[in-house]
Each structure stands twice: as structure tokens, then as C-alpha cells.
Amino acid sequence: RTLFEFNASLIHEIFWNICFCQNCINHGIPDTVAILAVPAASGLLHGICCNVNSGIRMLPNFLSVGLAYCASGSIIPPMLMHSMWYLLDGKMCFLLKHAKRDWDVAERREEVSTPPWDFTSSIGLVLVLIYYVPLNVLVNFLPQLKSQEGFRHAQHYRPGHLPTHPIEQVLIFLCLVQVIVGFSTFRQVRSSMDVLEETGDFTKEGIENMKEIASKYAVAQAP
């Protein structure tokens with residue numbers, strides 16, 4: 001699971017930080033606006049795919065990866081941060097109220113949708129700003145702290161040509177594997193995610209129930 005989470009997180013962060021943030025910077029847009037493009041794009045897409053409250057609550061976590069990318073100059077820190085959201089089952093401050101947990105499921109049983117922005121979201125946002133804004137200011141005054149190798153390497157690429165570096169060729173292969181596995185298991189995973197969508201139950205019992213439903217779906221679809 002960990003390898004798939006790392007790979008999926010890398011693909012996600014390439015999309016958010018390279019396609020949005022870095023493209024904005026390359027086109028002369030100020031860094032602050034480029035960083036904000038990451039949570040703005042993520043919030044919009046999650047709002048469309050999930051609901052408005054989910055999109056709004058994405059601000060702290062995707063602002064953090066945008067700030068981390070601009071501070072480091074590398075996609076690796078945002079990738080590691082993104083993977084932790086999965087590996088920790090979303091038990092970060094800004095996601096504590098996103099779904100019902102063991103510690104609050106009793107008082108939230110009547111909820112039928114993602115709750116709006118609350119104090120956990122605000123605390124998460126404040127913590128992100130307290131850490132990453134000074135870090136970006138420091139890097140602005142000491143640019144030697146920021147990785148530049150990726151940008152130099154990217155300048156050698158030509159549109160329409162595949163990368164020649166072995167690591168990037170491996171990443172392309174892993175991306176294709178991820179897509180194939182994703183499509184082949186989509187319906188099985190969706191069967192359990194539909195339950196989470198209806199109940200919002202992300203307690204230990206709820207997770208076990210989701211696993212059981214996914215297993216039953218796989219057995220039912222077996223030849």
C-alpha cells in the first residue's frame with residue numbers, strides 16, 4: 001500500500017504544483033498568486049467532484065504543499081506531505097472533522113454531508129502559515145537553500161519527446177501501472193466509497209465495514 005500511496009501522491013503533486021504553480025511562475029505571475037493557484041484549483045475541482053464544503057476545507061492542506069514546493073524547489077516534500085494524508089488516514093488537524101471519527105461519531109450521527117469550515121480548519125491554516133510563510137521568506141533571502149537542479153534539468157526537454165533520464169522513465173512506467181490498477185479496481189473501491197459518501201463514517205468500525213463491502217464485491221465479480 002505504501003508504494004502505491006507514494007506513487008499516487010507524486011502524480012498528484014506533479015499535477016498541482018507543476019501544472020498550476022510552476023506554470024504560473026514560468027509565465028511571470030507573482031509567486032504569491034502562483035502558490036494560491038494550488039489550493040484554488042484543488043478547491044474548485046474537489047468542490048465539483050465532492051461538494052462545496054469539501055472544496056473549501058481543502059485550503060489548508062493544498063496551501064501547505066504549494067508553499068512547500070516554492071520553498072524547496074522540489075516536488076519531493078509536497079509528495080511526502082501528500083502521502084502522509086493517506087498513510088495517517090487523514091488524522092491531521094485540518095482533516096479531523098472532514099468525516100466522522102471514533103471520538104465524535106456519537107455526536108455527529110445526524111450529519112448527512114461534509115461539515116462547513118470550523119475551528120479545526122482554522123487551526124490547521126494558522127499552523128501552515130506560521131511554519132511555511134517564514135520559511136519562504138528565508139528562502140527568498142537565501143536562494144541557495146532552494147533546489148535548482150530540477151529546473152535546470154527541465155530546460156533540456158523538448159515538447160513531444162519522452163524523458164531520457166532513467167528515473168523519469170521509471171516514474172512514467174509507475175504512472176501507467178497506477179492508472180491500469182486504478183481502472184481495474186475502480187468499481188470495487190467505489191462500492192466501499194459509496195458507503196463512506198452516504199454515512200461519512202471513518203471510524204475503525206466504518207473502515208472495516210468498507211473493507212468487507214469491497215471484499216464481497218470482488219467475490220461477487222469473480223468468474
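Scroll up to find the structure this text is about.
Rules of the game
- Residues numbered from 1 in each chain as written.
- Predicted model: local features only at pLDDT ≥ 70, side-chain atom pairs only at ≥ 80, totals over all residues.
- Heavy atoms only, no water.
- Axes fitted to C-alpha atoms, helices over the stretch in contact; angles between N-to-C directions.
- Helix = DSSP H or I, 4+ residues; strand = E, 2+ residues; numbered from the N terminus.
- Parallel < 35°, antiparallel > 145°, perpendicular 65-115°, else oblique.
- Left-handed = near helix turned anticlockwise from the far one by under 90°.
- Contact = heavy atoms within 4.5 Å.
- Nonpolar A, V, L, I, M, F, W, Y, C, P; charged D, E, K, R; others polar.
- Expected span 1.5 Å × (residues − 1).
- Bend = angle between axes of the 7 residues up to and from the residue.
- Buried < 20%, exposed > 50% of the residue type's maximum accessible area, 1.4 Å probe, protein only.
- Core = buried A, V, L, I, M, F, W, Y, C linked by side-chain atoms within 4.5 Å.
- Phe/Tyr/Trp six-rings, centres within 6.5 Å; stacked < 30°, edge-to-face > 60°.
- Patch = residues over 30% accessible without salt bridge, like charges linked within 9 Å, V, L, I, M, F, W, Y side chains within 5 Å.
- Areas by Shrake-Rupley, 256 points an atom, 1.4 Å probe, with all protein chains shown as cover.
- Salt bridge = Lys/Arg side-chain N within 4 Å of Asp/Glu carboxyl O.

A. View of the packing of helix H4 (residues 59-72) against helix H5 (residues 76-87). Where H4 meets H5, the axes come as close as 8 Å, and the angle between the chain directions of the two elements is 155°. Taken as axis vectors, H4 and H5 run roughly antiparallel relative to one another. Where H4 crosses over H5, the two elements pack in a sense that is right-handed. Residues Asn-61, Phe-62, Ser-64, Val-65, Ala-68, Tyr-69 and Ser-72 of H4 form the contact with H5, whose own contacting residues are Pro-77, Pro-78, Met-81, His-82 and Trp-85. Looking at the contact of H4 with H5 residue by residue, the class counts come to eight nonpolar, four polar and no charged.

B. Looking closely at helix H2 (residues 31-49). Compared with the 27 Å implied by 1.5 Å per residue over 19 residues, the 28 Å span of H2 between its first and last C-alpha is a close match. Considering bend angle alone, the principal kink of H2 is centred on Ala-37 and spans about 25°; proline Pro-39 follows within four residues of it. Burial in H2 covers these residues: Ala-34, Ile-35, Ala-37, Val-38, Pro-39, Ala-41, Ser-42 and Gly-43. Buried residues along H2 sit against helix H1 (2-26), helix H3 (52-57), H4 and helix H6 (119-141).

C. Layout of the environment of Lys-91. Within the secondary structure, Lys-91 sits in the loop between H5 and H6. Owing to a relative accessible area of 48%, Lys-91 belongs among the partly exposed residues under this scheme. Every residue in contact with Lys-91, bar those within four places of it in the chain, is listed here: Leu-96 and Arg-101.

D. How the structure looks around the packing of H1 against H4. At their nearest, the axes of H1 and H4 sit 11 Å apart, and the two run at 60° to each other. When the axes of H1 and H4 are compared, the pair comes out oblique. Regarding H1 and H4, the two cross each other, and that crossing is right-handed. Each of Glu-13, Trp-16, Asn-17, Ile-18, Cys-21, Gln-22 and Ile-25 in H1 lies in contact with H4, whose residues at this interface are Phe-62, Val-65, Gly-66, Tyr-69 and Cys-70. Its residues assigned to classes, the contact of H1 with H4 shows eight nonpolar, three polar and one charged.

E. Just the nonpolar core, in detail. Ranked by internal contacts, the top residues of the largest apolar core, which has 27 residues, are Cys-21, Val-38, Phe-62, Val-65, Leu-67, Trp-85 and Tyr-132. Those elements that provide at least two residues to this core are H1, H2, H4, H5 and H6. Trp-85 has contacts with Glu-13, Asn-61, Phe-62, Ser-64, Val-65, Gly-90, Met-92 and Phe-94, leaving out every residue within four places of it along the chain.

F. Inspection of the packing of aromatic side chains at higher detail. Within the structure shown, the criterion is met by seven aromatic pairs. Geometrically, the ring pair formed by Phe-15 and Trp-16 is edge-to-face, given 4.9 Å between the ring centres and 65° between the ring planes. Residue classification places Phe-15 among the partly exposed residues on the basis of a relative accessible area of 36%. We classify Trp-16 as buried; its relative accessible area is 4%. Here the aromatic rings of Phe-62 and Trp-85 are separated by 5.2 Å at their centres, their planes lie at 70°, and the arrangement is edge-to-face. Residue Phe-62 is found in helix H4, and its partner Trp-85 is found in helix H5; the two are separated by 23 residues along the sequence. A residue is classified by how much of its surface remains accessible, and Phe-62, at 2% relative accessible area, is buried. Take Trp-85: its relative accessible area is 10%, and that puts it in the buried class. Members of the aromatic cluster, each reached through a chain of ring pairs, are Phe-15, Trp-16, Phe-20, Phe-62, Trp-85 and Phe-94.

G. Focus on a nonpolar patch on the surface. Judged by side-chain polarity, Leu-129, Val-133, Val-137, Leu-138, Phe-141, Leu-142 and Leu-145 come together as a nonpolar surface patch covering roughly 620 Å² of accessible area. Assignment of secondary structure puts Leu-145 in the loop between H6 and helix H7 (149-154).

H. Looking closely at the pattern of salt bridges. What the rule picks out here adds up to eight salt bridges. Among the ionic pairs, Asp-194 bridges to Arg-190, the shortest N-O distance being 2.8 Å. Taken together, the positions of Asp-194 and Arg-190, both in helix H8 (residues 166-199) and four residues apart, correspond to about one turn of that helix. With a closest N to O distance of 3.8 Å, Lys-211 and Glu-208 form a salt bridge.

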